[in-house]
Amino acid sequence: MSVPSPGNPRIVYTDQVEALVRESPFLERIGDAMERIGVWKIVDREDAQCIRAEQ
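Residues numbered from 1 in each chain as written. Predicted model: local features only at pLDDT ≥ 70, side-chain atom pairs only at ≥ 80, totals over all residues. Heavy atoms only, no water.

### Observations regarding the overall build of the chain
Turning to step 1, where the next piece is worked out: Tallying secondary structure elements over the chain gives three helices and two strands in all.
Turning to step 2, where the next piece is worked out: Helices and strands appear in the chain in the N-to-C order β-α-α-β-α.
Turning to step 3, where the next piece is worked out: Burial analysis of the chain (55 residues in total) assigns 20% to the buried set.
Turning to step 4, where the next piece is worked out: Once local pairs closer than 6 in sequence are excluded, the contacts in the chain between residues at least 24 apart make up 60%.
Turning to step 5, where the next piece is worked out: Counting only carbon and sulfur atoms, one obtains 51% of the accessible surface of the chain, whose full area is about 4500 Å². (Helix = DSSP H or I, 4+ residues; strand = E, 2+ residues; numbered from the N terminus. Buried < 20%, exposed > 50% of the residue type's maximum accessible area, 1.4 Å probe, protein only. Contact = heavy atoms within 4.5 Å. Areas by Shrake-Rupley, 256 points an atom, 1.4 Å probe, with all protein chains shown as cover.)

Pasting the structure below:
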């Protein structure tokens, strides 16, 4: 698994983050934090195609 570099965050789907929180409620704000520091870019699955095309 590659490690995302600053400015090149890993695309993570909204439903994946929601599932993570359902399984481990103490991680409730993990998605916001990971997006804020630039590790993840959280998107809806429909939007992912557009984002990947831009890259």
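Next comes the rest of the description.
### Details of the pattern of salt bridges
Turning to step 1, where the next piece is worked out: Applying the stated criterion across every chain, the model contains one salt bridge.
Turning to step 2, where the next piece is worked out: A salt bridge links Asp15 to Arg45; the nearest nitrogen and oxygen atoms lie 3.1 Å apart. Taken together, the residues span a long stretch of sequence, with Asp15 in helix α1 (residues 14–23) and Arg45 in helix α3 (residues 45–54) at a distance of 30 residues.
Turning to step 3, where the next piece is worked out: Given the relative accessible area of 35%, Asp15 is considered partly exposed. (Salt bridge = Lys/Arg side-chain N within 4 Å of Asp/Glu carboxyl O.)

### Observations concerning a negative patch on the surface
Turning to step 1, where the next piece is worked out: Residues Glu18, Asp44, Glu46 and Asp47 make up a contiguous surface patch of negative charge.
Turning to step 2, where the next piece is worked out: Mapping Asp47 onto the fold places it in helix α3.
Turning to step 3, where the next piece is worked out: Residue classification places Asp47 among the partly exposed positions, given a relative accessible area of 39%. (Patch = residues over 30% accessible without salt bridge, like charges linked within 9 Å, V, L, I, M, F, W, Y side chains within 5 Å. Lys, Arg positive; Asp, Glu negative; His and termini not counted. Charge placed at Lys NZ, Arg CZ, Asp CG, Glu CD.)

### Focus on the confidence of the model for the chain
Detailed conclusions should not be drawn from predicted coordinates in areas where pLDDT is low.
Turning to step 1, where the next piece is worked out: Summary statistics for the chain give a mean pLDDT of 83 and a share of 80% for residues scoring 70 or more.
Turning to step 2, where the next piece is worked out: At the low end of the mean pLDDT range in the chain sits α3, at 72; at the high end sits α1, at 93. (pLDDT = per-residue confidence, 0-100.)

### A look at the environment of Gly7
Turning to step 1, where the next piece is worked out: Within the secondary structure, Gly7 sits in the segment before β1 (10–13).
Turning to step 2, where the next piece is worked out: Gly7 sits 32 residues away from Val39 along the chain, and the two C-alpha atoms are 8.4 Å apart.

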